[in-house]
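Residue-level listing of the chains:
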Amino acid sequence: MVQESKKTIIAFFLICLGLTLFPFLIGGYWLRVATGIMMFATITLALNFIAGFAGYAAFGNVVFMGIGAYTTAILMVKAGIPWWIGIVAGGLLSSLYAVLLGLPILRLRGHYFAIATLGVNEATKQFTLIYRDLTEGGMGITLPLTSLSISAFNNLVYFIMFAILLACFLTSYVVSKNRVGYALRAIRANEDAAQMSGIRTTYYKVLAWALSAFFTGLVGGLYAYWFTFIEPANVFDIMIAVKAFVMMLLGGGGTVLGPVLGAAVLELISELVWGEFLRVHMLIFGAIIVLVILFLPSGMMELFRKRYSLSALLSNLKERSI
Amino acid sequence: MIIQVLVNGIILGSLYAVVALGFSLVWGVMDVINIVHGTMIVMGAYIAFLLFQTINLDPFLSIPVAAFVLFFFGFYLQRYLVNFVVRAGVFISLILTFGMDQVVINLLLVIFTGDYRSVTTSYAGSNFEIGGVVIPYVRLAIFLISILLTVALYLYTTRTKIGNAIRATALNRDAARICGVNVPRIYGITMGISAALAGACGCMYATLQTFTPFDGGYLIGKAFVICVLGGLGTVMGAIVGGIALGVAETLGATLFDPRAQEIFGFIILVLVLIFRPKGIMGTK
C-alpha cells in the first residue's frame, strides 16, 4: 500500500510528532487557530473525495456538518449520551444520509448535482428551523458545559480534531492509491467511458460521498461539542462549503496533500485578515476568492512551478477568457 | 378560500419569475451561475430605499433608475471580471461570483449598515375585493409589472438585432463569433440586462418586505428552484417555474403547515431534479 520514499515517511512522522507537541508549546489563541485550521483541512479533505477525486461539485456538503452537529447536540442534551458517542453517531448518520440521498441524486451530472446538494442543504436547514420540539429551531441548542478546565478542554478538542484529520488524511491516501481512487478518477475523466469499462460508477460515487459525509459529520459533531452552542444558520452555512471549495482549488483538487495545504494557507490568511480588519474581513475574504480564481485556478503549487512570473499568471487569464 | 390561495400564489409567483428571469438568462446564454444576482436584487431594493428617503420617489417609479444603474454594474462586472473565466467551466465562475458577492454584500453593509430597511408607501395597506378574493394594490402592481418585464424581455431577445445575437451566442459561441458577433460585448450586454431586471425586481421586493444586505442568498435559493422547475434559459421557463413555486409555497403553507412554506420549494427542487432533470416543461 505505501509506496512513498523513506524521506517522505520520516517527514510525515516528524510533522505528526510536531503537531502532537504543539499544544504544549503554545497557548490559548494560537491553539484555537490551529484547531480551526485542522477543522477546515478535514472538511476540505472530505469534500475532496467527492469533488476532487470524482469531480462531483457537492456545494451543499456542509449539510453533513449540520447533521453531525445536531446529532451530537440532541443526543447529548436530550438523551444524556457522552459526547464522543454523539460525535461518532453524527458521522454515521451523515454517511447514511449521503447513501440514501446519493442513490437518486448522484445520477445527476454537472450543475444539476451541485444544485441538488444546495437544495438538500437548504431543505435540511429549514427542517431544523421548523421542527422545534427536536431541534429548538432558530433559538439553537446550548450543549452541556464540560467539567474540564479551559486549557484541558482546548487540548482535548485539539487532539480529537487532529485525530479526525489524521484519519481523514490516511483514508484519502489509501483511497488515492487503490482501486477506489482509480475508479473515481476514471469517473471524473469520463463517466460514460468508465461505466463502459466495467466500473460500477454508482457504487463508487455513493461510496465517495458517504466517506465525505462521514468525516464532515465527525467534524460537525466536534464543532458542536467545542463551541457548546449551535444554530441552523451557523452549522448549515453554505459559506463553509464554498470556503472548503476555494481551499481545495487553492491546494489542488484530487490530490491528498493539496487540500490540507490550501486549508492551512487560506485559514491563516483569513485569521490574520479577521484580526486586522474586523468590520470588512468578509469583503477582503471575498476579494481573495476572486483573486485566487482569476490567477491561481490550478492551485498555488503552480505559483512555484512558474517561478512567480507575472506573465505566467496573466496567461492564466488569457487561456480562459473569451 | 382556495381561489384566494391560488391568486396569492400566482401573484407571488410572478415576482418569483422576475427574480429568476435574469439569472436564467445568464445561465442559459453563457453557462455562468451568477451568485451575485441575489445581491443585485438587494441593490435594486436599496436604490428604491434611497430615492424614497431622499426625494420621496415612489418605489415603482424608481424601477427605471434602478434598472439603469444595475445595467452598467452588470455590464462592467461581466466585461472586466466574469469574461476572464467563462471558458473555465461553470464551477469556476460560480466560485468567482460567490467571492464577488461577498465583496458587494459587505460594501452594502458598510454603506447602509445591517439594519432592517423597508419602503412603506402611503397606499401600502389598501386593497380591493373581487368576488370574495382580496387583492392588495401593491401586489396587483407587482403582478402587472412582472408580466410587462417578462414580455419585454421575450420581445427583446426575439425581435431585435442584439437579442438575436444573444441567442446566437447561446447556441454556439464560436459560430456566432465567425458571423461577426462581438462575443465579449454581447456577454456584457446579457449580464447588463440580467442585472437591470434584478434592479427592477429589487424595487418591487422593497415594497413587499423588509430587507438587509444579506437577503441575496435567500433570493438566489429561489432563483435556483425556479430555474430547475421551469427549465433553463427560457423566458417561458422562468414564468412557469416562478408561478409553480409561488402556488406550491402558498398551497403548502395553507394545507399543511404555515411554518413549512420555505421547505416546500426545496423538496420540490430535489424531486424535480430526480424525476425530471430538464424541468417540468423540458424535453428529454
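Criteria and cut-off values
Residues numbered from 1 in each chain as written. Chains lettered and ligands numbered in written order. Predicted model: local features only at pLDDT ≥ 70, side-chain atom pairs only at ≥ 80, totals over all residues. Helix = DSSP H or I, 4+ residues; strand = E, 2+ residues; numbered from the N terminus. Rg over C-alpha atoms; globule rule 2.2 N^0.38 Å. Buried ≥ 20, exposed ≤ 12 C-beta atoms within 10 Å, placed from the backbone. Contact = placed C-beta atoms within 7 Å. Expected span 1.5 Å × (residues − 1). Axes fitted to C-alpha atoms, helices over the stretch in contact; angles between N-to-C directions. Parallel < 35°, antiparallel > 145°, perpendicular 65-115°, else oblique. Nonpolar A, V, L, I, M, F, W, Y, C, P; charged D, E, K, R; others polar. Pairing = 2+ DSSP bridges. pLDDT = per-residue confidence, 0-100. Left-handed = near helix turned anticlockwise from the far one by under 90°.

Just checking my understanding: could you explain the overall build of chain B for this structure?
For chain B, the count of helices and strands is 11 helices and two strands. Shown N-terminal to C-terminal, the secondary structure of chain B runs as helices and strands in the order α-α-α-α-β-β-α-α-α-α-α-α-α. For 284 residues, the compact-globule formula gives about 19 Å, and the C-alpha radius of gyration of chain B, at 18 Å, lands near that figure. When each of the 284 residues of chain B is scored for burial, the buried share is 54%. Put simply, 77% of the contacts in chain B that link residues at least 6 apart link residues at least 24 apart.

Which parts of the structure should I look at to understand the overall build of chain A?
Counting secondary structure elements, chain A contains 16 helices and two strands. Scaling as 2.2 N^0.38, a compact globule of 322 residues should have a C-alpha radius of gyration of about 20 Å, and chain A matches this with 20 Å. Considering chain A as a whole, with its 322 residues, one finds that 48% of them fall into the buried category. Sequence-distant contacts, at least 24 apart, represent 76% of the contacts inside chain A between residues at least 6 apart.

How should helix H9 (residues 216-230) of chain B be read in this particular structure?
Count 3.6 residues to each turn of an α-helix, and residues three or four apart come out pointing the same way. Residues and elements named next belong to chain B. A rise of 1.5 Å per residue sets the reference length of H9, with its 15 residues, at 21 Å; its end C-alpha atoms lie 21 Å apart and thus fit the reference within 8%. Judged by how many residues are buried, H9 sits mostly within the fold: 13 of 15 residues are covered. Gly 231 sits one or two positions beyond H9 and adopts a positive phi of about 90°.

Mind showing me how you'd approach the packing of helix H8 (residues 179-189) of chain A against helix H10 (residues 201-227) of chain A here?
Two numbers describe a pair of packed helices, the interaxial angle and the distance between the axes. All names here are of chain A. Where H8 contacts H10, the two axes come as close as 10 Å, and the packing angle between them is 105°. By the angle between their directions, the pair H8 and H10 is classed as roughly perpendicular. Along its contact with H8, which presents Val 180, Ala 183, Leu 184 and Ile 187, the element H10 presents Thr 201, Tyr 204, Lys 205, Leu 207 and Ala 208. Looking at side-chain class alone, the contact of H8 with H10 contains seven nonpolar, one polar and one charged residues.

In this structure, what is going on with the environment of Pro 136 of chain B? I would like to understand it.
Tracing the chain through its elements places Pro 136 of chain B in strand E2 (residues 133-136). Spatially, the C-alpha atom of Pro 136 of chain B lies 14 Å from that of Leu 15 of chain B, the residues being 121 residues apart in sequence.

Would you take a moment to explain the interface of chain A and chain B for this structure?
Quoted interface sizes are often the accessible area lost when the parts come together. Facing the 34 residues of chain A at the interface are 38 residues of chain B. Looking at the side of chain A that touches chain B, the elements that each hand over two or more residues are helix H4 (83-105), helix H5 (110-130), helix H12 (238-251), helix H14 (281-295) and helix H16 (310-320) of chain A. The dominant element in the side of chain A that touches chain B, judged by the number of residues it contributes, is H5 of chain A, at 12 residues. Taken together, the residues that form the side of chain A that touches chain B break down as 27 nonpolar, five polar and two charged.

Looking at this model, I keep getting lost on the environment of Ile 322 of chain A. Mind explaining?
Mapped onto the fold, Ile 322 of chain A is located in the segment after H16. Separated by 217 residues in the primary sequence, Ile 322 of chain A and Ile 105 of chain A place their C-alpha atoms 33 Å from one another. For Ile 322 of chain A, the residues in contact, after removing those within four places along its chain, are Asn 83, Val 86, Arg 87, Val 183, Pro 184 and Tyr 187 of chain B.

Even after reading the chapter, I still don't get the pairing of strand E1 (residues 127-130) of chain B, so can you show me in this structure?
Side chains on a regular strand alternate between the two faces of the sheet. Residues and elements named next belong to chain B. Two elements, E1 and E2, share four bridges in a ladder whose sense is antiparallel. Paired with Glu 129 across the bridge in E2 is Val 134. Linking two consecutive strands that pair antiparallel, namely E1 and E2, is a turn of two residues; a positive phi of about 50° is found at Gly 131 within it.

Would you take a moment to explain the environment of Val 292 of chain A for this structure?
Residue and element names in this part refer to chain A. Locating Val 292 in the fold gives a position in helix H14. Residue classification places Val 292 among the buried positions, given that 22 C-beta atoms sit within 10 Å. With 175 residues separating them along the chain, Val 292 and Thr 117 place their C-alpha atoms 24 Å apart. Residue contacts for Val 292: discarding those within four places in its chain leaves Val 246, Leu 249 and Leu 250.

Explanation requested: unusual backbone geometry in the structure shown.
Excluding glycine, residues mostly have negative phi values, and the peptide bonds linking residues are mostly trans. Residue and element names in this part refer to chain B. Backbone geometry at Asn 56 places phi at a positive 55°, although glycine is not the residue there. Of note in the backbone geometry, Thr 113 takes a positive phi value of approximately 60° without being a glycine. Looking at the secondary structure, you find Thr 113 in the loop between helix H4 (90-112) and E1.

What's the story with H4 of chain B in this structure? I'm lost.
Its 23 residues give H4 of chain B an end-to-end C-alpha distance of 32 Å, which sits within 8% of 33 Å, the value for a rise of 1.5 Å per residue. Trailing H4 of chain B by a residue or two, Thr 113 of chain B shows a phi angle of about 60°, which is positive.

Quick question: what am I supposed to make of the confidence of the model for chain B here?
Low pLDDT marks regions whose predicted coordinates should not be analysed in detail. Overall, the prediction assigns chain B a mean pLDDT of 88, with 97% of residues at 70 or greater. The ipTM value of the predicted complex is 0.83, and its pTM value is 0.85.

Teacher, can you tell me more about the packing of helix H3 (residues 62-79) of chain A against H4 of chain A here?
All names here are of chain A. Orientation of H3 relative to H4, taken along the N-to-C sense of each, is 140°, at an axis distance of 8 Å. As far as their axial angle goes, H4 and H3 are oblique. The two elements H3 and H4 meet at a crossing, and its hand is right-handed. Two secondary-structure elements touch here, H3 through Phe 64, Ile 67, Gly 68, Ala 69, Thr 71, Thr 72, Leu 75 and Met 76 and H4 through Trp 83, Gly 86, Ile 87, Ala 89, Gly 90, Gly 91, Leu 93, Ser 94, Tyr 97 and Ala 98. Residue composition of the contact of H3 with H4, grouped by class: 11 nonpolar, seven polar and no charged.

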